[in-house]
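The primary structure of each chain is shown beneath.
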Amino acid sequence: MFEREPFETMLAMAKNLHPREFIALLRGEIKGEETRVKDLLLAPLSVYGAGFSSFNPYAIPFDASVVGLVHSHPSGRAEMSTWDYNHFYGSIMVIVAYPYEGSGDVAAFDGKGHRLRVAVESRS
Ligand SMILES: [Zn+2]
């Protein structure tokens, strides 16, 4: 479950950086089966344009509120690549795929690669 603001921010940033790759940390909380994303945090040492592979998760300062990572797939395929599996960080991995228009372009996965339901909080 995403709060509205981080959801829209991540789509907007992916769009702005296209065709370069966008990456950010997801902050929020985990309650049972449900992960709630409340905030985005730009990953330190991530290099836009050089691809996700330049991202070093070990450079992330310890932050208990980090629940996972989001990155974009400018190719438009919202599926985890082998590289993505090997660089899973936190509890969820979110992929935003071109054309980054809405929840249909967003996929979330758990550490086993199972697809999670993506829901966005409605506007209050
Ligand atoms: Zn990927």
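Residues numbered from 1 in each chain as written. Predicted model: local features only at pLDDT ≥ 70, side-chain atom pairs only at ≥ 80, totals over all residues. Heavy atoms only, no water.

Here's the deal with the side chain of His71
Right, on to step 1. Among the secondary structure elements, His71 is positioned in strand E3 (residues 66–73).
Right, on to step 2. His71 sits in the buried class, given a relative accessible area of 0%.
Right, on to step 3. Within the structure, the side chain of His71 is placed 3.2 Å from the side chain of Asp84, a separation counted as a polar contact. (Helix = DSSP H or I, 4+ residues; strand = E, 2+ residues; numbered from the N terminus. Buried < 20%, exposed > 50% of the residue type's maximum accessible area, 1.4 Å probe, protein only. Polar contact = N/O pair within 3.5 Å; in protein donor to acceptor, adjacent residues only side chain to side chain.)

Quick look at the coordination of the zinc ion
Right, on to step 1. Donor atoms from the polypeptide that bind the zinc ion are His71 (NE2), His73 (NE2), Asp84 (OD) and Asp84 (OD), placed at 2.0 to 2.4 Å.
Right, on to step 2. Taken together, the four donor atoms coordinating the zinc ion span angles of 56 to 155° at the metal, a pattern that classifies the geometry as irregular.
Right, on to step 3. For the zinc ion, the donor residues sit on a single chain with the sequence spacing H-x1-H-x10-D. With a gap of 11 residues between them, His73 in strand E3 and Asp84 in helix H2 (residues 82–86) connect regions that are remote in the sequence. Neither residue differs from the other here; His73 and Asp84 are each classed as buried. (Donors = N, O, S within 2.8 Å, 3.2 Å for Na, K, Ca; no water. Tetrahedral: all angles 85-135°; square planar, octahedral: opposite > 155°, others 65-115°.)

Describing the environment of Met1
Right, on to step 1. Turning to its location among the elements, Met1 is positioned in the segment before helix H1 (4–17).
Right, on to step 2. Between the C-alpha atoms of Met1 and Glu34, which are 33 residues apart in sequence, the distance is 7.2 Å.
Right, on to step 3. Beyond its immediate chain neighbours, meaning those up to four positions away, Met1 contacts Glu34, Thr35, Arg36, Val37, Ala119, Val120 and Glu121. (Contact = heavy atoms within 4.5 Å.)

Some remarks on the nonpolar core
Right, on to step 1. Core analysis: the largest hydrophobic core is formed by 19 residues, its most contacted members being Met10, Phe22, Leu26, Val70, Val94 and Val96.
Right, on to step 2. Sequence-distant contacts of Leu26, defined by excluding residues within four places in its chain, comprise Phe2, Val37, Asp39, Leu40, Ser65, Val66, Val67, Gly68, Leu69, Val70, Ile92 and Val94.
Right, on to step 3. Listed in part, the seven residues of the second largest apolar core include Ala78, Met93, Ala97 and Ala107. (Core = buried A, V, L, I, M, F, W, Y, C linked by side-chain atoms within 4.5 Å.)

A few points about unusual backbone geometry
Right, on to step 1. Note that the residue after His18, namely Pro19, is joined by a cis bond; omega there is 5°.
Right, on to step 2. Here Pro19 lies in the loop between H1 and strand E1 (23–31).
Right, on to step 3. Along the chain, Tyr98 connects to Pro99 via a cis peptide bond; the corresponding omega equals 10°.
Right, on to step 4. Along the chain, Pro99 falls in the loop between strand E4 (92–97) and strand E5 (106–109).
Right, on to step 5. Residues other than glycine seldom take positive phi values, yet Tyr100 does so here, at roughly 55°.
Right, on to step 6. Taking the relative accessible area as the measure of exposure, Tyr100 reaches 1% and is therefore buried.

Brief notes about the sheet that holds strand E2 (residues 34–42)
Right, on to step 1. Here six strands make up an open sheet; going across it, the order is E2-E1-E3-E4-E5-E6 and the pairing mixed. Strand pairing shows two members of the sheet lacking a second neighbour, E2 and strand E6 (115–116), which therefore form its edges.
Right, on to step 2. Judged from the two bridges that link them, E5 and E6 form a sheet pairing that is antiparallel. Among the inter-strand pairings, Phe109 is bridged to a residue of E6, identified as Arg115.
Right, on to step 3. Running at roughly 45° to E2, H1 makes contact with E2, E3, E4 and E5 of the sheet. (Pairing = 2+ DSSP bridges. Axes fitted to C-alpha atoms, helices over the stretch in contact; angles between N-to-C directions.)

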